[in-house]
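Overview (structure and organization)
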Amino acid sequence: LRALTRELQPQIIVNNRLDLLDKPWGWDFITPEQMKVKDPIRINGVEVAWETCQTFSGSWGYYRDEMSWKNPAQLVELLAHSVSCGGNLIMNVGPTSRGDLDDRACAALDVYAKWMRRNARAIYGCTRAPDGFEAPYGTLLTYNPKTNRLYIHLADYPLKKLDLDFTDRIDYAQFLHDGSELRIVPPKKGHPSYGGMMLSGGIEVPVMKPNVEIPVIECFLK
């Protein structure tokens, strides 16, 4: 059936659910379900396209009494994390018997709508960061290869400065949600009273966290 499908529709995109990984026509992408992928998925050592299937709560369909709904930070972090590992995210929504989405589902969708309105550039067209870019503690990195821009998702908002090991590769940095410039601080030698040790470079951020679920720093790379 899959071979016939390919013959009739050569450009069709199909997943791996028929378990035909040994056939070149058997699949296009991998679909890990209800799991948080830690690293890019590889088949025989080669990175492949993948899309994780998730739910807003613990149920695939509408379940009135189900209460384990993901909070806004979890929702946005799951999206950014999926892209940071080179994948895609699909979220399942179950309607009621009336054909509507209940308030909890609408609120969850609104989280994505509000965040993506200002931060979509950090998701669409993006994938994992190139080799050599290590995500600082509490952050996730996504990268757009066409624009050569790196996006730092601040899941754990830093105090005054985000320490980075690659400031020399950044030409300009700004908050993505409002386009405000952020100062890049190069590494420097510390005061003699601290032993003269080298202090890491980074990007200065306001003390007060912006009113964004997970703020994103857009870095224009050299």
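Note that this is a predicted model, so its numbers are computed, not measured.

**Details of the pattern of salt bridges**
Tallied over the full model, the rule gives 12 salt bridges. The shortest N-O distance in the salt bridge between D65 and R64 comes to 2.8 Å. Since its relative accessible area comes to 44%, D65 is described here as partly exposed. Sharing partners across several salt bridges, the network here consists of R42, E47, R128 and D131.

**Re the sheet that holds strand 8 (residues 170–175)**
Here we have four strands laid out as an open sheet, ordered 5-6-13-8, and antiparallel in their pairing. Each end of this open sheet is capped by a strand with a single partner; those strands are strand 5 (139–144) and strand 8. With strand direction ignored, the average angle separating the axes of adjacent strands in the sheet is 20 degrees. Here strand 5 runs beside strand 6 (residues 149–154); their pairing, made up of six bridges, is antiparallel.

**Examining the pairing of strand 3 (residues 51–55)**
Both faces of the sheet carry side chains from a regular strand, because those side chains alternate between them. Of all five residues that make up strand 3, five are buried, and the element is covered over most of its length. The alternating pattern of strand 3 places E51, C53 and T55 on one face and T52 and Q54 on the opposite face, and all of these are buried. Inspection of the sheet shows strand 3 paired to strand 4 (residues 88–92) by five bridges, in the parallel sense. Note on strand 4: the bridge partner recorded for C53 is I90. Between the parallel elements strand 3 and strand 4, the chain passes through helix 2 (residues 72–84) in a crossover that is right-handed.

Basis of the calculations
- Residues numbered from 1 in each chain as written.
- Predicted model: local features only at pLDDT ≥ 70, side-chain atom pairs only at ≥ 80, totals over all residues.
- Heavy atoms only, no water.
- Salt bridge = Lys/Arg side-chain N within 4 Å of Asp/Glu carboxyl O.
- Buried < 20%, exposed > 50% of the residue type's maximum accessible area, 1.4 Å probe, protein only.
- Pairing = 2+ DSSP bridges.
- Helix = DSSP H or I, 4+ residues; strand = E, 2+ residues; numbered from the N terminus.
- Axes fitted to C-alpha atoms, helices over the stretch in contact; angles between N-to-C directions.
- Right-handed = clockwise from strand over helix to strand, strands pointing away.

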